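Residue-level listing of the chains:
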Amino acid sequence: MHDETKGLKADEVVPLQKLECFYGRFENMHELNKFVSSMQQCKKNLIKYRLYVGLFSLVAEGERVVSINDLEIVGGELMFPVDMQELNISYCHYLRNLSDISSLKNVVDLRVCKIGHCEGIECVVSFSFSSSTHQFQSLQCLCLIDLPKLSDVIKVEGYGSATTSILASSATFSNLKDIRISECPSIMTLLPHWLLPNLQNLEEINVINCEKLVEIFAAEDEEKGSDALIKFDLPKLRVLRLESLPELKSICSKSGVMVCDSLQLIDVDNCDKLKRIPPFVSFVGNEQPYAHASPSLKIESSRQWWDSLEWDDPNFKNVLQPLWQNRWFFLKTAFDECRELIKMKFRAGWIE
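Sequence order as written defines the numbering, with residues in each chain counted from 1. Note on the predicted model: pLDDT of at least 70 is required for a residue's local features to be given, and 80 or more for side-chain atom pairs to be given and counted; whole-chain, interface and lining totals, by contrast, use all residues. Values shown for side chains rest on all heavy atoms present in the structure; no hydrogens or waters enter the calculation.

Visitor: Report on a nonpolar patch on the surface, specifying residues and quantitative values.
Guide: Patches were defined on residues exceeding 30% relative accessible area and lacking a salt bridge, with like-charge contacts within 9 Å and nonpolar side-chain contacts (Val, Leu, Ile, Met, Phe, Trp, Tyr) within 5 Å. Residue exposure ignores everything except the shown protein chains as possible cover, and the areas themselves are Shrake-Rupley values with a 1.4 Å probe. The term salt bridge refers to a pairing of a side-chain nitrogen on Lys or Arg with a carboxyl oxygen on Asp or Glu at a separation within 4 Å. A surface patch of nonpolar side chains, amounting to about 330 Å² of accessible area, comprises L55, F56 and Y91. Helix and strand assignments follow DSSP, with helices taken as H or I runs no shorter than four residues and strands as E runs no shorter than two, numbered in order from the N terminus. By the secondary structure assignment, L55 is in the loop between β2 (48–53) and β3 (64–69).

Written as structure tokens, this is what we have:
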């Protein structure tokens, strides 16, 4: 492994034809591009690699990682290995969205993407009517941290009635399992209703410290104005964790119901304006919904928040009541058990 405090030149590594594993920090973007180009031209198959540019980087977890940090990225200038599985971008303040990086269209197995501390990011993916809509179809984990201008996860330019038809042929986010977002003060809604057909594999949502976030799943105005029931169908969702969201008022629109039979945990902490848990329903036979909550579901919150909830259907509260748990009670119980264990060990002479 190369000393990551010293920038590499591509010519130092390119001649190593039998190299299988390589972790190193390149001197600049030009040197990274030269190395990636050599990988493709020579069909050099590295089993594992972590390629860094810039001094600061987000924590890498995967086996084939590229980490771009503190650079002025211009879309056509950056090259990535086609088999890259994890992309980490931080302190790249001129980047507006990942769709501006044209070489990402050639990456076939991107599974993890982390974007942090980038002042210019406005959305993750931006589509126009003429652009390809098949980017990020292999992505499994999306992590967004400290993006002050982020207003949307996904945006369609020239937004209008054609949105549904654009997404109908799209595989964007179709393998996404985990989305984590924190310290993004400009975003007001997390995921639009029209994107949900692409999110059928989504398992976990964690949203923390987004001070303007009002709604998690947002229906469009024309949907809100109709009498039709709006289904927010996420069949594999297991965890919904919401923390320190002072303006959050709803998980989904008031006319919406959640179809999440796999849901195991709703964790709410410091979301004082959130006054409603949407109905969870299942559909049978003739597609008539009935109130339903999985016996494995846990709702963790403070007693004060639980008592402040407003219920469209009082019977639904009775369904959820046995599933609710006071987070502070369990934390106190764990603390008391730990304290008693320490006392026991002290009495037994295990601790001096």
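Additional details are given in the paragraphs that follow.
Visitor: Which residues make up the pattern of salt bridges, and what values go with them?
Guide: Enumeration according to the criterion identifies 13 salt bridges in this entry. Salt-bridge contacts for E300 lead to K298; the nearest nitrogen and oxygen are separated by 3.7 Å. Note that R303 and D307 form a salt bridge whose closest N and O atoms lie 3.4 Å from each other. Within this pair, R303 and its partner D307 are both found in helix α4 (residues 303–308), separated by 4 residues, close to a single helical turn. Of the residues examined, R303 reaches a relative accessible area of 40% and is grouped as partly exposed. Salt bridges sharing common partners tie together E61, E86 and K114. Note on exposure labels: buried denotes an accessible area under 20% of the residue type's maximum, exposed denotes more than 50%, and partly exposed covers the range between, all computed with a 1.4 Å probe on protein chains only.

Visitor: So, the sheet that holds strand β11 (residues 204–208): which residues are in play, and what are the values?
Guide: The 12 strands lie next to each other as β1-β2-β3-β4-β5-β7-β9-β11-β14-β17-β20-β21, forming an open sheet whose pairing is parallel. Across the chains shown, the open sheet's two edge strands, defined by having one partner strand only, are β1 (21–26) and β21 (324–326). This sheet shows a mean twist of 5 degrees between the axes of neighbouring strands, independent of strand direction. Pairing geometry for strand β14 (residues 239–243) and strand β17 (residues 265–269), over 5 bridges, is parallel. Counted as the bridge partner of R241 is D267 from β17. In this analysis, strands are considered paired if DSSP registers two or more bridges between them. Note on geometry: axes are lines fitted to C-alpha atoms, helical ones only across the stretch in contact, with angles between N-to-C directions running from 0 to 180 degrees.

Visitor: Go over the packing of aromatic side chains with me, naming the residues and quoting the values.
Guide: Any pair of Phe, Tyr and Trp rings, taking the six-membered ring for Trp, is counted once the centres come within 6.5 Å. Such a pair is stacked with planes under 30 degrees apart, edge-to-face with planes over 60 apart, and tilted for the rest. Within this structure, the stated rule accounts for 7 aromatic pairs. Summarising the aromatic geometry, the rings of W311 and F316 are spaced 6.2 Å apart at their centres and angled 70 degrees between planes, so their arrangement reads as edge-to-face. Take F316: its relative accessible area is 4%, and that puts it in the buried class. By way of ring pairs, the aromatic residues W306, W311, F316 and W324 are connected into one cluster.

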